[in-house]
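These are the residues of each chain, in order.
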There are 2 protein chains.
Amino acid sequence: MEEVRRRDREGTRQRILDAARQLFAELGYEHVTMRLIAAEADANIALINRYFGSKRELFAEVLAMQGRFPGVLEGPREELPRRLAEYVADRLGSDLGSPVMTALSRSSASPEIHDIIKDRVNSAIMEPLVVLLPGEDARLRAVIATALIAGASTLHRLYGPEALGSPAREAVVARLTRVFEVCLEG
Amino acid sequence: MEEVRRRDREGTRQRILDAARQLFAELGYEHVTMRLIAAEADANIALINRYFGSKRELFAEVLAMQGRFPGVLEGPREELPRRLAEYVADRLGSDLGSPVMTALSRSSASPEIHDIIKDRVNSAIMEPLVVLLPGEDARLRAVIATALIAGASTLHRLYGPEALGSPAREAVVARLTRVFEVCLEG
DNA sequence: CAAGTTAGTAGACGTGCGTTTACTTCGTCA
DNA sequence: TGACGAAGTAAACGCACGTCTACTAACTTG
């Protein structure tokens with residue numbers, strides 16, 4: 001019983017995009033192969049380049065599709081450290097990394113996508129953060145905060161969800177909040 | 001005029017090791033090829049596996065050859081945040097990343113070397129740091145500090161030595177010192 | 001000085017990658 | 001209904017990688 005495949009350009013394109021998003025977040029650019037994406041999307045490999053041009057361009061589209069940190073940078077300024085802390089704590093403890101964090105932690109891994117990631121980090125994190133920070137050395141403070149976010153992703157990859165041992169989420173958030181406060185204060 | 005090469009097992013082995021150390025620190029495990037190491041060491045590619053077994057084992061030997069953070073974890077406990085801050089600030093501003101930081105920021109990039117890096121991070125950073133931290137949640141605090149170190153390496157890779165803009169080194173060290181203090185305090 | 005050991009070399013092997021080509025099949029519309 | 005555009009497919013392309021093999025030549029030893 002061969003299943004007859006319906007022809008559905010937009011649907012197939014979307015399946016590929018979703019599969020790529022998940023796989024890039026999970027494995028990083030380098031270890032995701034075209035064949036893996038095709039298999040996960042249940043689509044033919046040739047369709048990926050037909051719809052997206054190349055692996056690199058597909059990656060760029062996956063990154064572009066992500067918003068900024070969803071809901072982290074928006075909101076009252078004085079609660080920004082806490083929102084960042086919760087974001088990092090939740091990502092550290094979860095099974096799946098966030099695409100932005102993962103991309104960030106792989107940053108310069110591939111020269112091929114270095115510029116794509118740099119632009120994305122700039123527009124999604126660094127620039128919005130600099131704008132939010134009053135006072136001197138805003139850039140310095142934004143970089144330190146971003147480094148903490150990126151490093152959390154790296155350690156998540158290295159140790160898995162159990163990286164922190166087993167303190168209560170609230171203890172983690174409290175500690176991270178204070179760290180981010182010191183990072184960001186003017 | 002062909003130069004006649006002298007036979008020098010230990011010398012060649014050392015040239016390979018040095019070349020590998022520099023290249024791994026600069027490019028990361030994945031983007032260093034055996035041929036690149038051989039060219040940089042001015043040695044035949046087959047000698048690498050003759051002396052080290054495999055690329056993976058060469059990488060392990062390069063990591064093993066690095067001490068812990070040189071001089072960072074040793075010294076008075078109360079100055080630890082400042083020493084970490086200086087280490088990170090200097091690495092951020094320099095042209096070349098440290099092998100340990102680079103390896104850390106590439107951590108889970110390659111499943112092939114995941115365990116090697118994990119062991120190295122544990123023995124070089126995490127465990128010594130946990131031992132130095134009194135009070136509760138030592139693991140949590142060590143992980144946050146390590147994340148900051150790893151993330152700094154990632155951003156160094158992404159933005160180069162100019163990542164921070166151009167504040168004075170002392171301003172960078174001062175800010176980082178306070179951040180590490182909050183990371184580490186009991 | 002002859003034989004043996006071993007550092008050093010050239011080149012191929014198999015694999016997996018991103019990409020491309022040539023083709024088949026589905027759906028639509030004149 | 002038949003022609004045509006486009007969605008989907010199978011298979012191959014060229015390339016770069018880590019690894020390995022067969023060989024050459026330098027040094028050592030009796």
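Labelled according to an unreviewed UniProt entry, chain A appears under the name AcrR family transcriptional regulator, originating from Planomonospora venezuelensis.

A. Spatial organisation of the UniProt feature "domain: HTH tetR-type" (unreviewed entry) in chain A. This chain's UniProt record puts "domain: HTH tetR-type" (unreviewed entry) on residues 10-70 of chain A. End-to-end, the C-alpha atoms of residues 10-70 of chain A are 25 Å apart, and along that stretch the chain is 74% helix and 0% strand.

B. Main features of the pattern of salt bridges. On inspection of all chains with the given rule, the structure shows twelve salt bridges over all chains. For the salt bridge of B:Glu61 with B:Arg13, the shortest nitrogen-to-oxygen distance reads 2.3 Å. Taken together, the residues span a long stretch of sequence, with B:Glu61 in helix α4 (residues 55-65) and B:Arg13 in helix α1 (residues 9-27) at a distance of 48 residues. Each of A:Arg82, A:Glu86, A:Asp90, A:Arg169 and A:Glu170 takes part in one network of salt bridges that share partners.

C. Here's a closer look at helix α2 (residues 34-41) of chain A. Residue and element names in this part refer to chain A. Among all positions in α2, only Met34, Ile37, Ala38 and Ala41 are buried. Viewed along the axis of α2, the buried residues span an arc of 100 degrees, placing them on a single side of the element. Residues Arg35 and Ala39 are exposed on α2 and point more than 90 degrees away from its buried face. Downstream of α2 by one or two residues, Asp42 has phi in the positive range, about 50 degrees.

D. Quick look at the protein's contact with DNA strand D. Lining the immediate surroundings of DNA strand D are 22 residues, of which A:Arg7, A:Arg9, B:Arg7, B:Thr33 and B:Met34 lie closest. Taken together, the sugar and phosphate atoms account for 51% of what DNA strand D places within 4 Å of the protein. Considering each element in turn, the surface near DNA strand D owes the most residues, four residues, to helix α3 (residues 45-52) of chain A. When its residues are assigned to classes, the surface near DNA strand D shows seven nonpolar, five polar and ten charged.

E. Region of the structure containing the UniProt feature "DNA-binding region" (unreviewed entry) in chain A. In the numbering used here, UniProt assigns the feature "DNA-binding region" (unreviewed entry) to residues 33-52 of chain A. In residues 33-52 of chain A, helix accounts for 80% and strand for 0%; the two terminal C-alpha atoms are 15 Å from one another.

F. Representation of the nonpolar core in the model. Counting 134 residues, the largest nonpolar core has A:Ile37, A:Leu58, B:Ile37 and B:Leu58 as the members making the most contacts within it. Beyond its immediate stretch of four places on either side in the chain, A:Ile37 contacts A:Ile16, A:Ala19, A:Ala20, A:Leu23, A:Phe24, A:Val32, A:Ile48 and A:Leu58.

G. Structural context of the relation of the copies chain A and chain B. When chain A is fitted onto chain B, the two copies agree to an RMSD of 0.1 Å after a turn of 180 degrees and an axial shift of 0.0 Å. Accordingly, the operation relating the two chain copies is best matched by a two-fold axis. Relative to the rotation axis, the C-alpha of A:Gly151 is the closest in chain A, positioned 1.8 Å from it. A share of 100% of the interface residues of chain A reappears at the interface of chain B, consistent with the copies meeting face to face through the same patch.

H. Broad picture of the domain arrangement of chain A. Residue and element names in this part refer to chain A. Splitting chain A by domain gives domain 1 (2-65) and domain 2 (77-184). The straight-line distance from the C-alpha centre of domain 1 to that of domain 2 is 27 Å. With 13 residues of domain 1 at the interface, the matching set in domain 2 holds 14 residues. Interface of domain 1 and domain 2: buried area, both sides summed, is about 1200 Å²; carbon and sulfur atoms make up 66% of it. It is Ala25, Arg56 and Leu63 that lose the most area in domain 1 upon contact with domain 2, and together they represent 45% of the buried surface on that side. Taken together, domain 1 and domain 2 are joined by zero salt bridges. Across the domain 1-domain 2 interface, the total number found is four residue pairs in polar contact (both at pLDDT 80 or more).

Cut-off values and rules
- Residues numbered from 1 in each chain as written.
- Chains lettered and ligands numbered in written order.
- Predicted model: local features only at pLDDT ≥ 70, side-chain atom pairs only at ≥ 80, totals over all residues.
- Heavy atoms only, no water.
- UniProt positions renumbered as here; feature names shortened; annotations may be inferred.
- Helix = DSSP H or I, 4+ residues; strand = E, 2+ residues; numbered from the N terminus.
- Salt bridge = Lys/Arg side-chain N within 4 Å of Asp/Glu carboxyl O.
- Buried < 20%, exposed > 50% of the residue type's maximum accessible area, 1.4 Å probe, protein only.
- Arc of directions from axis to C-beta.
- Near = heavy atom within 4 Å.
- Nonpolar A, V, L, I, M, F, W, Y, C, P; charged D, E, K, R; others polar.
- Core = buried A, V, L, I, M, F, W, Y, C linked by side-chain atoms within 4.5 Å.
- Contact = heavy atoms within 4.5 Å.
- Least-squares fit on C-alpha atoms with pLDDT ≥ 70 in both.
- Domains from an automatic or database assignment.
- Buried area = accessible area lost by both parts, 1.4 Å probe.
- Polar contact = N/O pair within 3.5 Å; in protein donor to acceptor, adjacent residues only side chain to side chain.

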